[in-house]
Amino acid sequence: MDSLPTPLPPQKPGPSPAGGPALRLLTLWIAWFLAMLFHTDLGLMPLFHGLSPEIESHVDPAQLPAVFGAMLGYFLVPLAALVLIAYADTSASGWRRWRWFHLGLGLLYSVTNIAHMVVDILIPDSRLDQVLLMGVMVLIGLLINLESWRWCRAPRVVR
């Protein structure tokens with residue numbers, strides 16, 4: 001008679017590898033980044049209709065390389081955050097300092113988004129679609145801050 005395999009003892013369920021604040025942060029940063037790209041794209045839409053997208057600029061053309069460099073950095077930081085969140089969440093150590101730094105980063109981006117939205121509102125020829133999109137970005141940023149706070153307070157999970 002064939003013996004049946006002995007069943008394994010019940011296992012204590014561990015944390016889901018795909019869940020928690022880190023997954024929500026990844027999703028929120030991707031949504032924020034897509035909204036940022038759409039904000040830029042939406043600003044250029046008048047070009048496709050033979051109109052100028054320019055709002056009166058007060059930037060000296062000699063300073064444009066610095067402006068472009070700052071924008072490049074502003075775009076690259078969230079991309080780096082996405083990668084670091086994934087590594088931190090799958091690391092055995094949990095990268096506690098990175099979690100707190102990330103919370104500060106989210107707060108900094110929220111402040112810059114709020115300032116940008118206020119400027120968009122105050123510009124006389126601002127477009128409602130751009131202001132609404134900045135409002136969405138501010139909301140996503142606040143959710144990033146909330147999830148970052150939860151991630152900072154979450155216990156370290158040993159994997």
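Structural data are supplied above this passage.
Below you will find a few notes about this structure. A quick note: this is a predicted structure, and the numbers were derived from the prediction, not measured. Within each chain, residues carry numbers counting from 1 in the order of the written sequence. Whole-chain, interface and lining totals are the exception, using all residues; otherwise, since this is a predicted model, local features are given only for residues with pLDDT of at least 70 and side-chain atom pairs are given and counted only at 80 or more. Side-chain descriptors were evaluated using all non-hydrogen atoms of the structure, hydrogens and water having been removed beforehand.

### Some points on the overall build of the protein
The numbering of helices and of strands both runs from the N terminus, where a helix is a DSSP run of H or I of at least 4 residues and a strand a run of E of at least 2. Per the secondary structure count, the protein includes four helices and zero strands. Along its sequence from the N terminus, the protein presents helices and strands in the succession α-α-α-α. Buried residues in the protein amount to 31% of all 159 residues. A fraction of 81% describes how many contacts in the protein between residues 6 or more apart in sequence connect residues 24 or more apart. Entry remark: accessible area of the protein is about 10800 Å², with carbon and sulfur atoms responsible for 72%. Three exposure classes are used, based on accessible area relative to the maximum for each residue type with a 1.4 Å probe and protein chains only: buried under 20%, partly exposed in between, and exposed over 50%. Residue contacts follow a heavy-atom distance rule, with two residues in contact if any of their heavy atoms lie within 4.5 Å. Areas reported as accessible are Shrake-Rupley estimates using a 1.4 Å probe. Residue values count occlusion only from the protein chains shown.

### Here we look at the side chain of serine 91
Tracing the sequence through the fold places serine 91 in the loop between helix 2 (64-89) and helix 3 (96-122). Relative accessible area serves as the criterion here: at 16%, serine 91 is assigned to the buried category. Polar contact is defined as a pair of N or O atoms within 3.5 Å, subject to the rule that within protein one atom must be able to donate a hydrogen and the other to accept it, and that residues adjacent in sequence are counted only when both atoms are side-chain atoms. A distance of 3.3 Å separates polar atoms of two side chains, one belonging to serine 91 and the other to tryptophan 95.

### Let's talk about the nonpolar core
Each nonpolar core is a collection of buried residues, namely Ala, Val, Leu, Ile, Met, Phe, Trp, Tyr and Cys, held together in the definition by side-chain atoms within 4.5 Å. One finds Trp29, Trp32, Ile85, Ile144 and Trp151 to be the most contacted residues of the largest nonpolar core, which totals 26 residues. Counting residues per element, the ones that place at least two in this core are helix 1 (21-44), helix 2, helix 3 and helix 4 (128-153). Here this core gets nine residues from one element, more than from any other, and that element is helix 1.

### Focus: the environment of glycine 104
By secondary structure assignment, the location of glycine 104 is in helix 3. Of the residues examined, glycine 104 reaches a relative accessible area of 36% and is grouped as partly exposed. For glycine 104 and tryptophan 149, which are 45 residues apart along the polypeptide, the C-alpha to C-alpha distance reads 9.7 Å.

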